[in-house]
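For reference, the chains in residue letters:
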Amino acid sequence: MLQVAAAAADKMGGEDLVALDVSEPMPLADIFLIVTGRSERNVSAISDEVEQKLLEAGHKLLRREGKAGGRWILCDFGDIVVHVFHQEERQFYGIERLWKDCPAVPFELPTRPRDEADFA
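This part takes up the packing of helix 1 (residues 2-11) against helix 2 (residues 40-56). Contact geometry for helix 1 and helix 2: axes closest at 8 Å, N-to-C directions at 145 degrees. The interaxial crossing formed by helix 1 with helix 2 has right-handed handedness. Side by side, helix 1 and helix 2 meet where Val4, Ala5, Ala8, Ala9 and Lys11 of the first sit next to Ile46, Glu49, Val50, Lys53 and Leu54 of the second. Tallied by class, the residues present in the contact of helix 1 with helix 2 amount to seven nonpolar, no polar and three charged.

Moving on, we get to the nonpolar core. Ranked by internal contacts, the top residues of the largest apolar core, which has 22 residues, are Leu2, Ala5, Leu33, Val35, Val50, Ile80 and Val82. Broken down by secondary-structure element, the contributors of at least two residues to this core are helix 1, strand 1 (15-21), strand 2 (31-37), helix 2, strand 4 (72-76) and strand 5 (80-86). At five residues, the largest contribution of residues to this core is made by helix 1. In this structure, Val50 is in contact with Ala5, Ala8, Ala9 and Val82, ignoring residues within four places of it in sequence. Grouped together as the second largest cluster of nonpolar side chains are 11 residues, Val22, Leu74, Phe85 and Ile95 included.

All right, on to the sheet that holds strand 1 then. With mixed pairing, the five strands of this open sheet are ordered in space as 1-2-5-4-3. Strand pairing shows two members of the sheet lacking a second neighbour, strand 1 and strand 3 (63-65), which therefore form its edges. Averaged over all adjacent pairs, the angle separating strand axes in this sheet is 10 degrees, with direction ignored. With five bridges connecting them, strand 1 and strand 2 associate as antiparallel partners. Within the sheet, the bridge partner assigned to Leu20 lies in strand 2 and is Phe32. Running over the sheet, helix 1 touches strand 1, strand 2 and strand 5 and is turned about 5 degrees from strand 2. On the sheet, helix 2 packs against strand 2, strand 3, strand 4 and strand 5 and is oriented at approximately 165 degrees with respect to strand 5.

Here we come to the pattern of salt bridges. The tally for this structure, following the rule as stated, stands at 12 salt bridges. Lys53 serves as the salt-bridge partner of Glu56, at 3.6 Å between the closest nitrogen and oxygen. Of this pair, Glu56 and Lys53 are both found in helix 2, three residues apart, which corresponds to roughly one turn of the helix. According to the relative accessible area criterion, Lys53 is partly exposed, its value standing at 26%. Via salt bridges that share partners, Lys11, Glu49, Lys53 and Glu56 belong to a single interconnected network.

This part is about the packing of aromatic side chains. In total, this model carries four aromatic pairs according to the counting rule given. Here a set of aromatic residues connected by ring pairs shows up, and it is made of Trp72, Phe85, Phe92 and Tyr93.

All right, on to the confidence of the model for the chain then. Of the residues in the chain, 92% have a pLDDT of 70 or more, and the chain-wide mean is 91. A low-confidence stretch, residues 116-120 stays under pLDDT 50, and its non-local contacts, those more than four residues away or across chains, total one contact.

Among all positions of helix 1, only Leu2, Ala5, Ala6, Ala8, Ala9 and Asp10 are buried. Where helix 1 is buried, its residues meet strand 1, strand 2, helix 2 and strand 5. Immediately beyond the C-terminal end of helix 1, within one or two residues, lies Gly13, with a positive phi of roughly 90 degrees.

About the thresholds
Residue numbers here run from 1 along each chain, matching the order of that chain's written sequence. It should be noted that, the model being predicted, local features are given only for residues of pLDDT at least 70 and side-chain atom pairs only at 80 or more, the latter also being counted only at that level, while totals for whole chains, interfaces and linings use all residues. Derived side-chain values reflect all non-hydrogen atoms in the structure, with water molecules and hydrogen atoms excluded from consideration. Convention adopted: a line fitted to C-alpha atoms gives each axis, helices being fitted over their contacting stretch, and angles between N-to-C directions are expressed from 0 to 180 degrees. Runs of E in the DSSP output that reach at least two residues are strands. Runs of H or I that reach at least four are helices, and both are numbered from the N terminus. For any pair of crossing helices, the crossing counts as left-handed if the nearer helix is rotated counterclockwise from the farther one by less than a right angle, and right-handed if it is rotated clockwise. Whether two residues are in contact is decided by their heavy atoms: any pair within 4.5 Å suffices. Basically, the charged four are Asp, Glu, Lys and Arg, the nonpolar ten are Ala, Val, Leu, Ile, Met, Phe, Trp, Tyr, Cys and Pro, and anything else, Gly included, counts as polar. Nonpolar core, defined: a set of buried Ala, Val, Leu, Ile, Met, Phe, Trp, Tyr and Cys residues in which side-chain atoms within 4.5 Å join the residues together. Throughout, exposure labels follow a simple rule: accessible area from a 1.4 Å probe, protein chains only, divided by the maximum for the residue type, with under 20% read as buried, over 50% as exposed, and the rest as partly exposed. Pairing between strands is defined by DSSP: at least two bridges between the two strands are required. Definition used for salt bridges: Asp or Glu carboxyl oxygen within 4 Å of a side-chain nitrogen of Lys or Arg. In this scheme Phe, Tyr and Trp rings, the latter by its six-membered ring, pair at centre separations within 6.5 Å, and the angle between planes marks the pair as stacked below 30 degrees, edge-to-face above 60, and tilted otherwise. pLDDT expresses, on a scale from 0 to 100, how confident the predictor is about each individual residue.

Quick look at the structure:
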């Protein structure tokens, strides 16, 4: 689930992806995936893509919150909860600080071809 969600977020331009193992302090979920979007529209697009890809993979969305505002959207799939933040909200709420005792969970993002601007 984490790989699917992370790849979907990355595809839509999600930044600063962090996955935390919250299974010890929170028995209702195993992983929080935290993602930053650059604008309200980007936050919404990221959460839509994550939701679509996880649904296609056979995972059921239990609840979604914050869709109307586009500043912090939470998608709860049971084992994984995806938090997509606007960059200002992510800094303000500091969710990583709240869960600082939880270990990071490694994941890989798909490699993309570098464009010519990267070589300048």
